[in-house]
Each structure stands twice: as structure tokens, then as C-alpha cells.
Amino acid sequence: IVGSYAKDNQPGIYRIQLDTKTAAVSSLTALATTVNPSYLTLSADKQTVFAVNETNKGGISVFNWQKDHSVLLPVSLLTELGDNPCYISLSPDGTTLAIANYSSGDIRLFKIEGANTQDTILREFASHQSQGQGLHERQEAPHMHWVDWSPDGKFIYSVDLGLDEVKVYELDGETLLPAKVAFKLQAGDGPRHMIFSEKQGLAYLVSELSNDVVVLKQDTDSGLLTELQRLSSLPADFADKSQVAAIKLSPAQDFLYVSNRGLNSIAVYAIDAQGLLTYLQDQSTGGNWPRDFVISKDGEFLLVANQLSSEITVLKRDNKSGLLSSTDSKITLSQPTYISQL
């Protein structure tokens, strides 16, 4: 399933099919028409799709599958939820939804209610507005770029590109307790996304402005994070402009992958027994501006959403070495920004 930047009355959410024998991608199908569904999250049973509408006034669109799974049917729509929501996530227990608003610098939490998936409604119950600014020209204000739960559901984390901070929160019932700074990055890092490894008990963070990857250890009592390692997502001899985007773990959580927009590549890292990283490879995506990517469940392929070249490209992946190689397989799709396996 693919999310994209879509204009009014244009399809924004699509489905494609991957042939795991030939690497061919085909069967492009428009699933739903909604404005700028730039990031999606799916319920555990994959029957409900939640999409941000990344616009100045912000929104969330909720969809369920038609019986034959040919299209997504709109269930509910919330509007005026903050400026340019760019990330949406679901709590591990499936009861709560969170969004990160990039331009207004806040997060918002919603309870998922309804007797069944056919009448799913969202009720906003908590929010946090960040305050301040950083040193970089793009850090004139807070810019929340990511929000999600720790794997055990105890903590909620947000990543603030504008303030160079990871914040941590706890819920007391439906009360969001005051935010704490879980980790303060270097000035001008511009953190973007973070991912937890349940296997290693660590978190991995990428910074859009510095193009660094940071390995973090979580204190499971306080939720605070401590830096263990920092390394670049770019080759040492690369001097042009590039911006990190997505970060993903392999299915076995033994390799880490990061997309570079500008260099237009995927950086590959091996993860050792302690969770630390070794840089292995920089592989071209074969497209322009890889905003997001997904690794197939069998680990054999990596599909890249190249936003500016408007295409999904397919890379072959070796499960043992973690290394990537190019294929000729791709499919055209207008400004893809999110991709996930159904």
C-alpha cells in the first residue's frame, strides 16, 4: 500500500503487487481519493487504514476495505488538527492513534472508538505543543516529525526537528503527563525519525540536517535515552547536499537501512550482538528523492518510494549479508511518500 502527495479529487492511496520470483511490480490500483495522504498506519488486522492529510489545517482520514478488497471505503474524516501532519502511528494495543504536526510543532492523541470497524470514529483527548527554536535556518520553530510508542506501550516518544530533541511522555488514563526531554541532540542535527529494536532493546535515530544515525539505549524506568554510537549515513567522499528520510530494520533486526534524499541511496548497516552498527554499503535507489521504503516480509526485496521521480523501484536484498543490488523493476506512481506491505 502506497501513500502520496495528491491534489484535490486525485487518488492518493494505491496498491501495487510484487512478484517475489521475478521482482516485477504491477497491478497499480487506486484505492482511495484523499488529499496528501503522505503517511499511513494500519490496524493490526490490516482492515482499517488511517491516513494523515498533510495540509495547512491538517486532518486524518479513516478507511476500511470493501468486502472484495478492491477499494478503500471512507469511514470518517477529522479536519483542522494542526498544520501539516506528517506522521501517524498506532499504539501497540491498537486503541490509540497519534499524529505529529510538522508546521505547528505539536502532537495529538486520539482514542479509536466504535462498535466495529464499519463505524470507527476518532476522539481527540490529549495534545502537547512544543515551544522554542534551534540554530539552523529550518529550526525557526518546533517541527514535530515523528511520534510513536515504545514496543511495550509504556512510553510515547516524539522527535522534534526544530528543537533537536526527542521528547518522552506517559499517559495516566487519558491525561498526558508533562513531556520530558528524553534525549538532546547536537545543535543543528534536525532529527527526523526513530525506530525501536525489540531484539536489541535499543532505538535508532536519524537526523535530517546532519545526516547522522544515532544508536540510543533506553532506560526502561524513566524512558530517557542515552547515546551509544553516532555515524554518518553518507559516504565519506560525498560533499553535495542530501537529507536523510526513512529508517527501517530488516525482518530479523540484524541489519539497519536508511534512505538518503539527494544522494538518492539506501545506506546499509550491520547490527552486532550489542546493537551497534557497522557501515556496509551505499546503494543507489535508481530514482530521485527516496522518501520512504519497505522490506518485504521474506527479506528478499526492498521497495523504494522515490517521491520526485514519481516511481517505486525494487532492490534485491541478500538475507545473509544484508547487502542490496539493483534490479530493472519499477512502476510509475505520482509522488509516492509512504510504502508498507499489506
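A brief structural summary. All figures in this text were calculated on a predicted structure; none of them were measured in a lab. (Residues numbered from 1 in each chain as written. Predicted model: local features only at pLDDT ≥ 70, side-chain atom pairs only at ≥ 80, totals over all residues. Heavy atoms only, no water.)

### Brief notes about the overall build of the protein chain
Right, on to step 1. Across its full length, the protein chain holds 0 helices and 30 strands.
Right, on to step 2. A compact globule built from 342 residues should have a C-alpha radius of gyration of about 20 Å, and the protein chain, at 19 Å, falls within 12% of that.
Right, on to step 3. For the protein chain, the spread of C-alpha atoms along the three principal axes comes to 50 × 45 × 35 Å.
Right, on to step 4. Burial statistics for the protein chain: of 342 residues in total, 58% are counted as buried.
Right, on to step 5. On the protein chain, roughly 13900 Å² of surface is accessible, and the fraction owed to carbon and sulfur atoms is 48%. (Helix = DSSP H or I, 4+ residues; strand = E, 2+ residues; numbered from the N terminus. Rg over C-alpha atoms; globule rule 2.2 N^0.38 Å. Buried < 20%, exposed > 50% of the residue type's maximum accessible area, 1.4 Å probe, protein only. Areas by Shrake-Rupley, 256 points an atom, 1.4 Å probe, with all protein chains shown as cover.)

### A look at the environment of Thr332
Right, on to step 1. Take Thr332: it is sitting in strand E29 (residues 324-332).
Right, on to step 2. For Thr332, the contacting residues outside a window of four places in its chain are Leu28, Ser310 and Glu311. (Contact = heavy atoms within 4.5 Å.)

### Side note on the packing of aromatic side chains
Right, on to step 1. Scanning the model with the defined rule gives 6 aromatic pairs in all.
Right, on to step 2. Within the aromatic cluster, the residues linked to one another by ring pairs are Tyr39, Tyr87, Trp146 and Tyr338.
Right, on to step 3. Lying across the ring of Phe293, Lys248 places its NZ or CZ 5.1 Å from the centre.
Right, on to step 4. Over the aromatic face of Phe301 sits the side chain of Lys316, whose NZ or CZ is 5.1 Å from the ring centroid. (Phe/Tyr/Trp six-rings, centres within 6.5 Å; stacked < 30°, edge-to-face > 60°. Lys NZ or Arg CZ within 6 Å of the ring centre and 35° of its normal.)

### Structural notes on empty space enclosed by the protein
Right, on to step 1. A full pass over the atoms with the stated rule returns 1 cavity of 30 Å³ or more.
Right, on to step 2. Here the largest cavity defines a volume of roughly 70 Å³.
Right, on to step 3. In terms of lining residues, the largest cavity is bounded by Ser38, Tyr39, Glu54, Cys86, His145, Arg192, His193, Ala246, Arg291, Asp292 and Thr337.
Right, on to step 4. Those elements that provide at least two residues to the lining of the largest cavity are strand E18 (191-197) and strand E26 (290-295). (1 Å grid on protein atoms, 1.4 Å probe; cavity = no way out; pocket = protein on both sides within 12 Å on 5 of 7 lines; lining within 4 Å. Points joined across faces, edges and corners; volume = space filled by probe spheres on them.)

### Things to note about the nonpolar core
Right, on to step 1. Counting residues in each nonpolar core, the largest one holds 54 residues, and the members touching the most others are Ile1, Ile13, Ile60, Leu72, Tyr157, Val166 and Met194.
Right, on to step 2. For Val166, the residues in contact, after removing those within four places along its chain, are Tyr157, Ser158, Val159, Lys180, Val181, Ala182, Phe183, Leu185, Met194, Leu205 and Leu225.
Right, on to step 3. The next biggest cluster of nonpolar side chains, apart from the first, holds 16 residues, and it includes Leu202, Val206, Leu249 and Leu256. (Core = buried A, V, L, I, M, F, W, Y, C linked by side-chain atoms within 4.5 Å.)

### Focus on the layout of surface pockets
Right, on to step 1. By volume, the largest pocket is sized at about 1400 Å³.
Right, on to step 2. Tyr87, Asp148, Ile195, Lys248 and Ser340 are the residues nearest the centre of the largest pocket, which is lined by 39 residues in total.
Right, on to step 3. Mapped by element, the contributors of at least two residues to the lining of the largest pocket are strand E4 (40-42), strand E8 (85-90), strand E12 (144-149), E18, strand E22 (243-249), E26 and strand E30 (336-339).
Right, on to step 4. By residue class, the composition of the lining of the largest pocket is 22 nonpolar, 12 polar and 5 charged.
Right, on to step 5. Taken together, 14 residues make up the lining of the second largest pocket; nearest its centre are Ile16, Leu18, Ser340, Gln341 and Leu342.
Right, on to step 6. Considering every element that reaches the lining of the second largest pocket, the biggest residue donor is strand E2 (residues 11-18), with 4 residues.
Right, on to step 7. Its residues assigned to classes, the lining of the second largest pocket shows 7 nonpolar, 5 polar and 2 charged. (Nonpolar A, V, L, I, M, F, W, Y, C, P; charged D, E, K, R; others polar.)

### Section: the environment of Asp254
Right, on to step 1. Considering the arrangement of structural elements, one finds Asp254 in the loop between E22 and strand E23 (255-261).
Right, on to step 2. Separated by 88 residues in sequence, Asp254 and Val166 place their C-alpha atoms 24 Å apart.
Right, on to step 3. When residues no more than four places from it in sequence are discounted, the contact partners of Asp254 are Lys199, Tyr269, Ala270, Ile271 and Arg317.

### A look at the pairing of strand E24 (residues 265-271)
Right, on to step 1. Within E24, 7 of the 7 residues are buried, leaving the element largely enclosed by the surrounding structure.
Right, on to step 2. Every second residue of E24 is oriented toward a common face, with Ser265, Ala267, Tyr269 and Ile271 on one face and Ile266, Val268 and Ala270 on the other, all of them buried.
Right, on to step 3. As judged from the 7 bridges shared by E24 and strand E25 (residues 277-284), these two strands associate in the antiparallel manner. Note on E25: the bridge partner recorded for Tyr269 is Tyr279.
Right, on to step 4. The hairpin turn running from E24 into E25, its antiparallel successor, is 5 residues long, and Gly275 in that turn takes a positive phi close to 90°. (Pairing = 2+ DSSP bridges.)

### A closer look at the pattern of salt bridges
Right, on to step 1. Summed over all chains, the structure comprises 16 salt bridges.
Right, on to step 2. Where Arg261 meets Glu208, a salt bridge forms, and the shortest distance between an N and an O atom there is 3.3 Å. You can see Arg261 sitting in strand E23 and its partner Glu208 sitting in the loop between strand E19 (202-207) and strand E20 (212-218), a full 53 residues away along the chain. Just as Arg261 is buried, Glu208 falls in that class too.
Right, on to step 3. A single network of salt bridges, built from pairs that share partners, joins Arg138, Arg192, Glu208 and Arg261. (Salt bridge = Lys/Arg side-chain N within 4 Å of Asp/Glu carboxyl O.)

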